[in-house]
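Geometric and topological summary
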Amino acid sequence: MPRWRRLLAGVLGGIALAAAAASGPSGPHPLVDAVLSTHTLDGWQDAQGLPVGAMQAVQQTRDGTLWLGTGAGLLRFDGLRFTGVDDPEVPALAKRPIFGLMEDRDGVLWIGHAGGAARWQAGQFRSVFDPKLLDGRRVWAFAQAKDGAVWAATENGLLRWTREGVRAFRVEDGLPTNRLRALAFDREGVLWIGTTGGGLVAYDGQAFKTWGAAQGVPHPEVRHVLADPDGGVWVATAGAGLVHLQGDQVRRYTTADGLPSDQLTFLARDPRGALWIGTWGAGVARWDGRQFQTLSSAQGLGGDQIWTLHADREDSLWIGSWTGGLNRLRPRSFAVLGKAEGLSGDNARAVLRARDGSLWVSSAGGGVDRIHDGHVTRWGLDSGLPTLEMSTLHEDADGSLWMGSYTAGLVRWHNGRLSRYGLADGLPHVDVRVVHRDRHGVLWVGTRAGLARREGERFVPVRDEGAPVEGVVAVAEQADGSVWFATTGDGLMRWHGGRFTRLTRQDGLVSNWIVSLHVDADDALWIGTNGEGIHRLKGGRLATLRPSDGLWDGLAQVFVEDGRGGMWITCNRGVYRVALAELNAFAEGRLARVNAVGYGPGDALRSPTFAGGLQPAGAVDAAGRLWLPSLKGLVRIDPEHLPQLPPPPVLRVEAISLAGQSLPVSADLVLPPGATPPLTLRYAAATVRHAERVRFRYRMEGMTPDWIEVGNHREATFPSLPHGQYRFRVAATLDGHTWAEAAPLSVTVQPRWYQTPWAALGAVVAAALAMAGAVQLRTRHLRQRQADMERVVAEKTEALRLANEHLEALSFSDALTGLANRRRFDEALAREWRRTARAQLPLALVLADIDSFKAYNDSVGHAAGDDCLRAVADVIRDIAGRAGDLAARYGGEEFVLLLPGLDRTAALAFAERLRAACEARALPHPASVVGPTVTLSLGVAAWVPDAANSPQSLFTAADEALYRAKAAGRNCVR
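Every chain is numbered on its own, with residues counted from 1 as its sequence reads. Thresholds applied to this predicted model are a pLDDT of at least 70 for local features of residues and 80 or more for the giving and counting of side-chain atom pairs; totals over whole chains, interfaces and linings are not thresholded and use all residues. The side-chain numbers reported here are obtained from all heavy atoms of the structure, hydrogens and water having been left aside.

Here a helix means four or more residues in a row that DSSP labels H or I, a strand means two or more in a row labelled E, and each is numbered from the N terminus. The number of helices and strands found in the chain is 11 helices and 71 strands. Each radius of gyration reported is based on C-alpha atoms, and the globular scaling rule is 2.2 Å times the count of residues to the power 0.38. Taken over C-alpha atoms, the radius of gyration comes to 33 Å for the chain, in line with the 30 Å a tight globule of 974 residues would show. Across its three principal axes, the chain shows a C-alpha extent of roughly 105 × 95 × 60 Å. Note on contacts: a residue pair qualifies if any of its non-hydrogen atoms lie within 4.5 Å across the two residues. Considering only contacts in the chain between residues 6 or more positions apart, those separated by 24 or more positions represent 54%. Each accessible area is a Shrake-Rupley result for a 1.4 Å probe, and residues are judged covered by the shown protein chains and nothing else. When the accessible surface of the chain is summed, it comes to about 42,000 Å², and 50% of that surface belongs to carbon and sulfur atoms. When charges are counted, neither His nor the chain ends are considered; positive counts come from Lys and Arg and negative counts from Asp and Glu. Here the site of a charge means NZ on Lys, CZ on Arg, CG on Asp, or CD on Glu. Counting 106 positive and 104 negative side-chain charges, the chain places the centres of these two groups 2 Å from one another.

So, on to the pairing of strand β44 (residues 483-487). Only protein chains enter the accessibility calculation, which uses a 1.4 Å probe. A residue is then buried if its area is under 20% of the maximum for its type, exposed if over 50%, and partly exposed in between. Burial analysis of β44 places 5 of its 5 residues in the buried class, the great majority of the element. Here β44 shows a buried face lined by V483, F485 and T487 and a second buried face lined by W484 and A486. Across 5 bridges, strand β43 (residues 472-477) lies against β44 in antiparallel orientation. In the sheet register, V475 faces β44, and the bridge partner there is F485. In this structure, the hairpin formed by β43 and β44 is closed by a connection of 5 residues, where G481 is found at a positive phi of approximately 90°. With 4 bridges connecting them, β44 and strand β45 (residues 492-496) associate as antiparallel partners. Along β45, the bridge assignment pairs F485 with M493. Between β44 and the antiparallel strand that follows it, β45, lie 4 residues; G491 among them carries a positive phi value of about 85°. The pairing criterion for strands is at least two bridges between them, as found by DSSP.

Below, the discussion takes up the sheet that holds strand β46 (residues 499-503). Backbone-to-backbone hydrogen bonds join strands into a sheet, with any given pair of strands oriented parallel or antiparallel. Ordered by their spatial adjacency, 4 strands build an open sheet running β43-β44-β45-β46, and the pairing between neighbours is antiparallel. Two strands close off the open sheet at either side, each with one partner strand: β43 and β46. Here the average twist between neighbouring strands, direction ignored, is 25°. Axis geometry follows a simple rule: fit a line to the C-alpha atoms, using only the stretch in contact for helices, then measure angles between N-to-C directions, giving values from 0 to 180 degrees.

Moving on, we get to the layout of surface pockets. Only protein atoms enter the calculation, which uses a 1 Å grid: trapped sets of points that fit a 1.4 Å probe without letting it out are cavities, open sets showing protein on both sides within 12 Å along at least five of seven lines are pockets, and any residue with an atom within 4 Å of a point is a lining residue. Grid points are joined across faces, edges and corners, and a volume is the space filled by probe spheres set on the points. In this structure, the second largest pocket occupies an estimated 1,400 Å³ of space. Along its surface, the second largest pocket is lined by 50 residues, and R76, G123, E654, A655 and V665 are the ones closest to its centre. Every element with two or more residues in the lining of the second largest pocket is listed here: β5 (73-77), β6 (82-84), β9 (116-121), β10 (124-127), β58 (651-658), β59 (661-663) and β61 (679-685). Per-element tally for the lining of the second largest pocket: the top contributor is β58, with 7 residues. Asp, Glu, Lys and Arg are counted as charged, while Ala, Val, Leu, Ile, Met, Phe, Trp, Tyr, Cys and Pro are counted as nonpolar; the rest, among them Gly, fall into the polar class. The residue inventory of the lining of the second largest pocket, partitioned by class, reads 21 nonpolar, 14 polar and 15 charged.

On to the nonpolar core, then. Among the buried residues, those of types Ala, Val, Leu, Ile, Met, Phe, Trp, Tyr and Cys that are joined through side-chain atoms within 4.5 Å form a nonpolar core. Counting 32 residues, the largest nonpolar core has I850, V872, F895, L897, V934, L936 and L938 as its most contacted members. Those elements that place two or more of their residues in this core are β68 (843-850), α8 (853-860), α9 (862-879), β70 (894-900), α10 (904-921) and β71 (936-943). Considering every element that reaches this core, the biggest residue donor is α9, with 7 residues. With residues up to four places along the chain from it excluded, the contact list for V934 reads I850, Y856, C868, V872, C918, E919, L923, P924 and H925.

Bringing α10 into the picture now. The end-to-end C-alpha distance of α10, which contains 18 residues, comes to 25 Å, matching closely the 26 Å that a straight helix rising 1.5 Å per residue would cover. Packing partners of the buried residues in α10 comprise β68, α9, β70 and β71. Where α10 terminates, the next one or two residues include A922, which has phi positive at roughly 60°. In this scheme, a helix's expected span is set at 1.5 Å multiplied by one less than its residue total.

The next thing to look at is empty space enclosed by the protein. What the rule picks out here adds up to 1 cavity of 30 Å³ or more. The calculated volume of the largest cavity comes to roughly 50 Å³. Contributing to the lining of the largest cavity are H39, D270, P271, R272, W276, A311, D315, S316, L317 and L329.

With that settled, consider the environment of D42. Mapped onto the fold, D42 is located in strand β2 (residues 39-44). By relative accessible area, D42 is classed as buried at 16%. Distance from D42 to G302, taken between C-alpha atoms, is 9.3 Å for residues 260 residues apart in sequence. Here D42 is in contact with L326, N327, R328 and R330, once residues within four sequence places are set aside.

Here we take up the side chain of D549. Take D549: it is sitting in the loop between β50 (541-545) and β51 (559-561). Leaving out residues up to four positions away in the same chain, D549 has contacts with T544, F586, R593 and V594.

As a further point, take the UniProt feature "domain: GGDEF" (unreviewed entry) in the chain. Within this numbering scheme, the UniProt entry marks residues 841-974 as carrying the feature "domain: GGDEF" (unreviewed entry). Secondary structure over residues 841-974 splits into 46% helix and 22% strand, and the C-alpha atoms at its two ends are 22 Å apart. UniProt positions are given in the numbering used here, feature names are shortened, and annotations may be inferred rather than shown by experiment.

Here we take up a positive patch on the surface. Where like charges cluster on the molecular surface, the positive patch consists of R824, R831, R834 and R838. With respect to the helices and strands, R824 occurs in helix α7 (residues 822-839). Note on patches: the residues involved have over 30% relative accessible area and no salt bridge, like charges join within 9 Å, and the nonpolar side chains Val, Leu, Ile, Met, Phe, Trp and Tyr join within 5 Å. The term salt bridge refers to a side-chain nitrogen of Lys or Arg lying within 4 Å of a carboxyl oxygen of Asp or Glu.

Encoded structure:
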């Protein structure tokens, strides 16, 4: 026995079978409904193409366009790219700060800027107010009355616009101040006005009434007003919190009630009725009628100084901040429970539904939790657990709960007491992956080094002939008493009739690495492999399904039936569902291909990496909901309410140009004789949320006989169009099956004079016939030439695109790990050094080195070493998730991370999370001097760049810190 195992056995032997001298579990504590439990957060800054960081107003118009008011002009966003507005009619829109946006009932966009206001209608911008009315002051906000009049809040009073003219209201008309900030009409038609210095004002059409401290509005600075659909208004103040007014009832909410700050800036209501509150310095808060939840930069928000909020038509909430760019919150397809919601850890590993209906959850780094009736009870080190690195769970027949760990053996919770079992108690390894009691009463324990059986109060390693010697990670039992064991290299083991037999690749398995097992109601055994597909074993016949047969992924970490005929399978890029009937039909040769529906990162999962290599990795509760452990929380799936794609978006032709010159967009396009090609038509879909998913096709009737599918490309160009009548048609889809078509655009190319019938009639019949023949021949020739040119252009364009993508990938990414390479890192370090120096922000650099990697290669080979590098890269990629962070492979087993905006304290915390995540991954390392798993040593350096230092000095400091980490024993951060 190796020395480290003898030492560990001695330690565990001293505590085995002893009741835990601890205070017991903590709790129960109520689960928290955090913002990111139900929503996912997206962000755009300069790295994502956003040209301006200060986002001051957001509005989505009915055509799907998202308009953005920034500190340096107006932008349009279609979900993929940002486009600036540069219109000679209103030059201020291209460079002046934009403060207010509103779409009225006629679809007109109103824009308030630093020197006035403008309207956008039918593709044209027009200034609205006479500059004399504003005296060069800002226009902050708009509101439309029931009679269609548009009111504007300016810094020079209140303006009312109608088609007949504009009327101004100022201090002399009863306002407490001319400096106005916000407007809203309540359901009774009263106009509420937020002011700067004058408190809240109500206007009923006859007189202005001021609400100050005496009336319940305790602050003169009112930043925003929002009508309550149930009556009254919500008021955001710049120092006294949130106020709700309804009739004579006034209710105030402050930090004492759970608001993160009393400095409020903006209000918005989402389709579910939740109130969202922007703050200045504390991010965003959500009020659901019961409590406030907060989302800030600590959870990934781009900035905490919030300018604006906007609930769009697609159930997304847009957040604009002072320096953090643009963020979007969109509902998750599936709810998630993690540390933010009250669990002890995020890296959920196993989930078990107990007989009393409660859910038990183990996590790597968090211990064990029990969820029941909306509360969680926690077992940790203080409760007697020997480690927080917990793995498998099993409820025994007597009600006791077995808890396995990755590093400290097995724990039994029974009658309020914990008992521990380790190497000294017969376990062949401290890394326990599965516990199972069969119908004969035998308790089996699968570990990283084979099986054990319980005999009395001890465990006995199973050394029978044919018994597994590799890791055992799953167990399943069939009706005939056969007990099946999934191993990590020995294939599939069967215990029946007192002896072991084995199935391997030689018997038809696609892999000897089995990660999951499941027996269905028909006693069929389902077998999941580590990336090669799945098997069904029934009646002695082994059937195989691979991704080429319709599976969404080759990895199958768990099989969970949902009670509605679906089989759910998890992997490292999400989770997918296949009808069990289809799986059986394929296995029996009655179906050529199965139909799998996958849910991955685009479906708002916190992490697409689900738990595997242990059991149970999934559970179904009494309500029929699935619970699946993942790297970033416990995912809940309700099979009765699965996410559905909306209908295809509405389409429009939004821009037309001829030879580079813009033309007005209309239903009928008439081109004069001799018009110079090319003709370019740009089209758009009325969706921002699904912008990356939408696909297009078009055809020019009279020119292209069939539809041309162009993917996500949003432009059609026609190098030449002979005179005649054409119809341009464009359609879009989200799922590839259902298409929506825009209204056709009629295109008329007028003929030259000699191409008209009158010219033909003026000639002799023979000449007319000859000309007609020539025209027809030329038309056919031009059409063929058009088709040939389109084909050649398409082929060349596609070849160039593929070549550029290939070259870019080769030049900036590491071929082995997929991370950035050293070239890209060097460029990013120089760029971020300059940027953070200008902004006087800290810049952090973390160097990570895999401990004893040469020994790893020497012991398991270079191919396994490459697998190890890829696995560590996956851990780094998951942890380095902020916008602007860059992870790269520096060389060999060294990795480097560039973390703009983090000081040394934050960078050390980040590095410690990375170190812990790598250790939690539990990659086996047979030759490490640190421990049995792959670990990292990390060096951290961070400061605000200045002229006295250089990017190389930052790197050198991190390298020296890494040397200190290695000298300190490795697997640590310095």
